[in-house]
Amino acid sequence: MTIESWLQAAIADAERRGLPDLKPLLEALARAMKLLRDADWNEDATGRSTLHG
Amino acid sequence: MDNVNTLTIEEFGRRLRARELTAEQVTDACLHRIEEDNPRLNAFILVMADRARQQAREADRELAAGRDRGPLHGAPISIKDLIDVAGTPTTAASRVREGHVAAHNAPAIVALREAGAVIIGKTNLHEFAFGTTNEDSAFGPARNPHDVSRSPGGSSGGSAASVAAGMALATLGTDTGGSIRIPAAACGIVGLKPRHGELSTGGIIPLSRMLDHIGPLARTVTDASLMYRALRGGSRPRSSAPVPVSGLRLAVPRGYFCELLDDEVRARFDEAIDRLRAAGARVADVTIRHASLTPAIYLHLVLAEAAAYHAATLERMPERYTPPVRLRLEIGRYVLAEDYTRALTGREILRREVDSALTGHAALVLPTLPIPAPPIGAASVQVGGVTEPVRSAMLRLTQLFNVTGHPAIALPAGDTRTGLPCSIQLVGAETDELLPVALACEAQIAGLQPPRSG
């Protein structure tokens with residue numbers, strides 16, 4: 001799931017549940033998700049990575 | 001008896017055995033201080049006056065009969081209300097826990113009672129330990145004894161305030177992202193987070209089991225060491241002896257840890273390093289390459305575990321949480337497994353990087369908090385010209401060592417011009433190796449003061 005699609009779904013779910021105040025917290029979590037996904041230790045199935053875990 | 005409630009455990013023990021005072025007298029002095037100051041500081045949720053007096057009298061009788069349980073014998077200790085004490089509620093500062101009464105003592109309480117400690121009461125905290133300011137509590141915020149308009153830090157804020165205000169000789173807290181070290185720093189006392197897993201967290205309401213620690217807050221490193229050894233158990237715990245400062249190899253992790261600091265926090269930190277160097281310590285700079293990813297890693301780990309623990313009550317009784325804590329717990333239920341897995345990998349990488357930074361050094365040295373204690377109610381602070389959420393600022397320098405599990409201790413390091421405590425943090429490879437280093441550093445930085453103005 002991309003971060004964008006996750007965030008849209010999460011915000012929609014929060015609004016449905018009557019928790020609009022979750023939106024800024026979800027946006028902050030999305031920023032953290034991006035940092036983790038962009039981290040240079042992540043491997044991918046091509047076998048390329050800059051760090052070996 | 002004047003000010004016996006402000007004795008260190010070490011001095012209390014000396015005077016107790018010299019028959020200059022009794023455990024009952026010191027317990028009464030602490031209880032008197034609680035009666036006087038708790039309405040203002042709100043450090044305690046439950047004051048166990050009758051039980052404490054009974055335990056203190058028992059301690060005095062035992063000592064008179066020749067049974068000496070060790071350095072904590074008769075010492076009044078407060079307990080963060082996240083930790084089970086048999087026959088009393090463990091509220092976690094939350095209405096979610098209404099009606100709860102602990103059936104058994106947590107192992108840590110068993111150890112403290114075996115060591116002869118007197119349990120004086122249960123202290124206020126940030127609800128379910130999920131915060132850094134002690135503002136969000138079903139019992140109202142705890143307040144900083146140095147300035148009651150300011151936070152005592154959190155989540156063990158009531159604990160720290162109780163020691164700083166002379167309501168207990170020491171306290172037992174917990175630390176998941178900094179919750180022992182942050183309030184210790186904010187209140188000007190010592191706070192020790194041992195290595196992860198050294199001390200049992202049984203009988204303690206979890207926030208994130210892979211990040212949770214228990215540990216003491218106390219007036220001195222010696223007192224924290226005595227508490228730590230009593231919690232470890234075993235016969236007659238002894239205090240550590242300091243290592244020589246001359247030739248001590250220390251390292252400051254620059255970059256992420258030192259970029260954004262309050263000007264006075266930076267000044268006290270630099271002065272502390274200068275004193276250590278003047279005493280012969282060799283202080284190098286090191287880098288922890290992925291340190292800036294700590295908040296993202298920490299967030300995914302703590303949110304996922306906290307959400308799992310709170311899922312049922314978030315569904316059944318969400319209105320019983322304080323709204324800010326409820327919201328932060330709710331977002332944990334949106335964490336994706338693939339990102340949690342990335343955080344686990346990041347945790348291992350950070351652990352190796354801290355190990356590497358420690359190689360050849362007795363300890364890392366860095367500030368504990370980048371700011372002095374913030375005002376109660378502040379959502380953000382200005383740090384080095386940058387606006388930062390209070391929560392992020394308070395966690396920024398401590399949470400890495402929860403992620404990696406390394407032992408860390410906060411030491412008082414002078415005050416700001418307005419009298420707010422500053423603090424330095426030492427991080428080591430093993431708790432038993434860190435404590436002698438902390439003792440040595442404590443002696444060098446004692447009495448740091450801001451320059452006189454004018």
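Summarised in this report is the structure supplied together with it. Remember, predicted model here, so these are calculated numbers, not experimental data.

What counts as what
Residues numbered from 1 in each chain as written. Chains lettered and ligands numbered in written order. Predicted model: local features only at pLDDT ≥ 70, side-chain atom pairs only at ≥ 80, totals over all residues. Heavy atoms only, no water. Contact = heavy atoms within 4.5 Å. Buried area = accessible area lost by both parts, 1.4 Å probe. Salt bridge = Lys/Arg side-chain N within 4 Å of Asp/Glu carboxyl O. Helix = DSSP H or I, 4+ residues; strand = E, 2+ residues; numbered from the N terminus. Pairing = 2+ DSSP bridges. Axes fitted to C-alpha atoms, helices over the stretch in contact; angles between N-to-C directions. Bend = angle between axes of the 7 residues up to and from the residue. Buried < 20%, exposed > 50% of the residue type's maximum accessible area, 1.4 Å probe, protein only. Core = buried A, V, L, I, M, F, W, Y, C linked by side-chain atoms within 4.5 Å. Phe/Tyr/Trp six-rings, centres within 6.5 Å; stacked < 30°, edge-to-face > 60°.

1. Thoughts on the interface of chain B and chain A
Taken together, the 24 residues of chain B in the interface contact 24 residues of chain A. Summed over both partners, the interface of chain B with chain A comes to about 2100 Å²; 71% of that surface belongs to carbon and sulfur atoms. When residues of chain B are sorted by the area they lose upon contact with chain A, Leu327, Tyr334 and Arg342 of chain B head the list and together hold 29% of the total. Notably, a salt bridge pairs Arg17 of chain A with Glu330 of chain B, separated by 2.7 Å at the nearest N-O pair. At the level of secondary structure, the elements contributing two or more residues to the side of chain B that touches chain A comprise helix H9 (294–316), helix H10 (323–331) and helix H11 (337–358) of chain B.

2. Remarks on the sheet that holds strand S4 (residues 170–175) of chain B
Strand pairing in a sheet relies on backbone hydrogen bonds. The paired strands run either parallel or antiparallel. All names here are of chain B. Taken in spatial order, the eleven strands line up as S1-S3-S2-S4-S6-S5-S12-S13-S9-S7-S8 in an open sheet, and their pairing is mixed. Every other strand in the sheet has two partners, leaving strand S1 (44–47) and strand S8 (282–286) as the edge strands with one partner each. Within this sheet the neighbouring strands show an average axis-to-axis angle of 30°, counted without direction. Across six bridges, strand S12 (residues 408–415) lies against strand S13 (residues 421–427) in antiparallel orientation. Looking across to S13, one finds that Ala408 is bridged to Val427. Along the sheet, helix H2 (residues 23–41) contacts S1, strand S2 (76–80) and strand S3 (118–123); its crossing angle with S3, the most-contacted strand, is approximately 15°.

3. With respect to H2 of chain B
Residues and elements named next belong to chain B. Along its length, H2 shows its largest kink, about 40°, at Glu35, and proline Pro39 lies within four residues downstream of that point. Among the residues of H2, those classed as buried are Ala23, Val26, Thr27, Ala29, Cys30, Leu31, Ile34, Asp37, Asn38 and Leu41. Directly beyond the C-terminal end of H2, a positive phi value near 55° is found at Asn42.

4. Notes on the nonpolar core
Formed by 160 residues in total, the largest nonpolar core has its most connected members in Leu26 of chain A together with Leu250, Leu364, Ile409 and Leu411 of chain B. Setting aside residues no more than four positions away along its own chain, Leu250 of chain B makes contact with Leu276, Ala281, Arg282, Val283, Ala284, His361, Ala363, Val365, Val437 and Cys441 of chain B. In terms of nonpolar packing, the next biggest core, distinct from the first, is built from eight residues, Ala160, Ala184, Cys187 and Ile189 of chain B among them.

5. Regarding the packing of aromatic side chains
All names here are of chain B. Applying the stated criterion to the full structure yields three aromatic pairs over all chains. Relative to Tyr321, the ring of Phe128 has its centre 5.8 Å away and its plane inclined at 40°; by these criteria the two rings are tilted. Within this pair, whereas Phe128 is found in the loop between S3 and helix H5 (157–164), its partner Tyr321 is found in the loop between H9 and H10, the two being separated by 193 residues in sequence. Neither residue differs from the other here; Phe128 and Tyr321 are each classed as buried. Look at Phe257 and Phe401: their rings are 6.3 Å apart centre to centre, the planes differ by 20°, and that puts the pair in the stacked class. Pair noted here: Phe257 is in the loop between strand S7 (249–253) and helix H8 (263–278) and Phe401 is in helix H13 (residues 400–404), with a separation of 144 residues, a long-range link. Note on accessibility: Phe257 and Phe401 belong to one class, buried. Pairwise contacts between aromatic rings join Tyr256, Phe257 and Phe401 into one cluster.

6. Quick notes on the pattern of salt bridges
Residue and element names in this part refer to chain B. Going through the model one piece at a time under the given rule, you end up with 37 salt bridges over all chains. The partner of Glu11 in a salt bridge is Arg14, and the shortest N-O contact between them spans 2.8 Å. Placement of both Glu11 and Arg14 in helix H1 (residues 9–17) is noted, with a separation of three residues, approximately one turn of the helix. By relative accessible area, Arg14 is classed as partly exposed at 44%. As a salt-bridge pair, Arg67 and Glu114 come within 4.0 Å of each other at their nearest N and O atoms. Within this pair, whereas Arg67 is found in the loop between helix H3 (49–64) and S2, its partner Glu114 is found in helix H4 (residues 107–114), the two being separated by 47 residues in sequence. What makes Arg67 partly exposed here is its relative accessible area of 42%.

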